[in-house]
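# Report on the structure
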Amino acid sequence: MEQVLTLVVRVEKNARPTQTDALETAARAVLAILADERSYGEGEWAPAMAAWQDNRIRKITKRARGAEWRRAEALPGITMHGDTAEVRVFPPTGVDDVPAELFKLQVTGTDFEDTADLPPLEPGVPVLWVNPALEMSSGKAMAQCGHAAQLAWWALSPQARKEWEATDFALAVRTATPPQWTHLLTTNLPVVQDAGFTEVAPGSRTVIADHPLLTR
């Protein structure tokens, strides 16, 4: 059975996350569950995480507010906080076994905006570069950034992973310029190729993970 990892972003009526913060927080949430001791070895989530990682690393983003968010928070998972965003990540399940509290949440309505100029990139901080040619909803882009962070995590050494975890998984998400994207595609950096089930064509390259410890 195909496995899916669910991300839930908190979207209250009068408190919507900003776009880039939502993408960054989602990516950090994925890294947090990958690094969590419950996700490997004898951990309680290890069998589910292994079954999911051995197949297509499918992710889906949903939104919740009020009582919906409180019910989601009561389920086993990890909540990651950004400046404006809260994203909770849950251990993978079969696509037909998603808990009812999550299954009934809406996928639509996750189109966020940045309300101010983004800060300059900090030296040494990993950057997830989004393909400038694609139109994706915020929820779709959150899942794609999660994929990119995961590919970078897999490519890093155990020591590099520990160092990243010690920074609370510091990273930035930016949309590449067309020339930047063209150049990035010539590197050996991890690139997400989407299966094309929603929003983009199969095989679309959506996000490239530029971690300073990975070879360009």
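It should be noted that the structure appears before, not after, this text.
The structure contained in this document is the topic of the report that follows. Residue numbers here run from 1 along each chain, matching the order of that chain's written sequence. Residue-level local features of this predicted model are given only where pLDDT is at least 70; pairs of side-chain atoms are given and counted only at 80 or more, and the full residue set underlies all totals for whole chains, interfaces and linings. The side-chain figures draw on all heavy atoms in the structure; neither hydrogens nor water molecules are used.

### Digging into the pairing of strand 6 (residues 127-130)
Burial of the side chains of strand 6 extends over both faces: V127 and W129 are buried on one face and L128 and V130 on the other. Sheet analysis places strand 6 next to strand 7 (residues 172-175), joined by four bridges and oriented parallel. Counted as the bridge partner of V127 is A172 from strand 7. Accessible area is worked out with a 1.4 Å probe on protein chains only. A residue is then buried under 20% of its type maximum, exposed over 50%, and partly exposed in between. Counting from the N terminus, the helices are DSSP H or I runs at least four residues long and the strands are E runs at least two residues long. By this definition, two strands are paired if DSSP reports at least two bridges between them.

### Points about the environment of G82
Structurally, G82 is set in the loop between strand 3 (78-81) and strand 4 (86-89). According to the relative accessible area criterion, G82 is partly exposed, its value standing at 28%. It is 16 Å that separates the C-alpha atoms of G82 and L121, two residues lying 39 residues apart in sequence.

### Focus: the sheet that holds strand 8 (residues 191-193)
Sheet architecture is open: four strands sit in the order 7-6-9-8, paired in mixed fashion. In this open sheet, the two strands that pair with only one neighbour each are strand 7 and strand 8. Pairwise comparison of adjacent strand axes, ignoring direction, gives a mean angle of 20° for this sheet. Strands strand 6 and strand 7 of the sheet are contacted by helix 1 (residues 19-35), whose axis makes an angle of about 130° with strand 7. By definition, residues are in contact when any of their heavy atoms lie within 4.5 Å. In this analysis an axis means a line fitted to C-alpha atoms, helices contributing only their contacting stretch, and an angle means the value between N-to-C directions, from 0 to 180 degrees. Strand contacts of helix 5 (residues 138-155): strand 6, strand 7, strand 8 and strand 9 (205-210), with the helix running at about 40° to strand 9, the strand carrying the most contacts.

### What about the side chain of D194?
Along the chain, D194 turns up in the loop between strand 8 and strand 9. You can call D194 buried: its relative accessible area is 9%. Ignoring any residue separated from it by four or fewer positions in sequence, one finds D194 in contact with K140, Q144, V200, A201, P202, G203, S204 and T206.

### Re the pairing of strand 1 (residues 3-10)
Counting buried residues in strand 1 gives seven out of eight residues, a clear majority hidden from the surface. Pairing of strand 1 with strand 5 (residues 93-94), which is carried by two bridges, proceeds in the antiparallel orientation. Within strand 5, the residue paired with Q3 across the bridge is G94. Here strand 1 runs beside strand 2 (residues 59-64); their pairing, made up of six bridges, is parallel. In the strand pairing of strand 2, V8 is matched with K62. Note: strand 1 against strand 4, three bridges, orientation antiparallel. Considered in strand 4, the bridge of L7 is made with V89.

### Some words on the packing of aromatic side chains
A pair of aromatic rings is counted whenever rings of Phe, Tyr or Trp (Trp by its six-membered ring) have centres within 6.5 Å, and the orientation is called stacked for planes under 30 degrees apart, edge-to-face for over 60 and tilted otherwise. Here the structure, examined in full by the defined rule, presents two aromatic pairs. Between W153 and W164, the ring centres sit 6.3 Å apart and the planes meet at 40°, which makes this aromatic pair tilted. Here W153 is found in helix 5, whereas its partner W164 is found in helix 6 (residues 158-166), with 11 residues between them in sequence. You'll find W153 and W164 in the same group, each marked buried. Their ring planes at 65° and their centres at 6.0 Å tell us that W153 and F169 sit as a pair that is edge-to-face. Of this pair, W153 sits in helix 5 while F169 sits in the loop between helix 6 and strand 7; the two residues are 16 residues apart in sequence, bridging distant segments of the chain. Residues W153 and F169 agree in their burial class; the two are buried. Each residue in the set W153, W164 and F169 is aromatic and connected to the rest through ring pairs, giving one cluster. Its end group placed over the ring of F103, K62 keeps NZ or CZ at 5.3 Å from the ring centre. Geometrically, a charge over a ring is one whose NZ (Lys) or CZ (Arg) sits within 6 Å of the ring centre while staying within 35 degrees of the ring normal.

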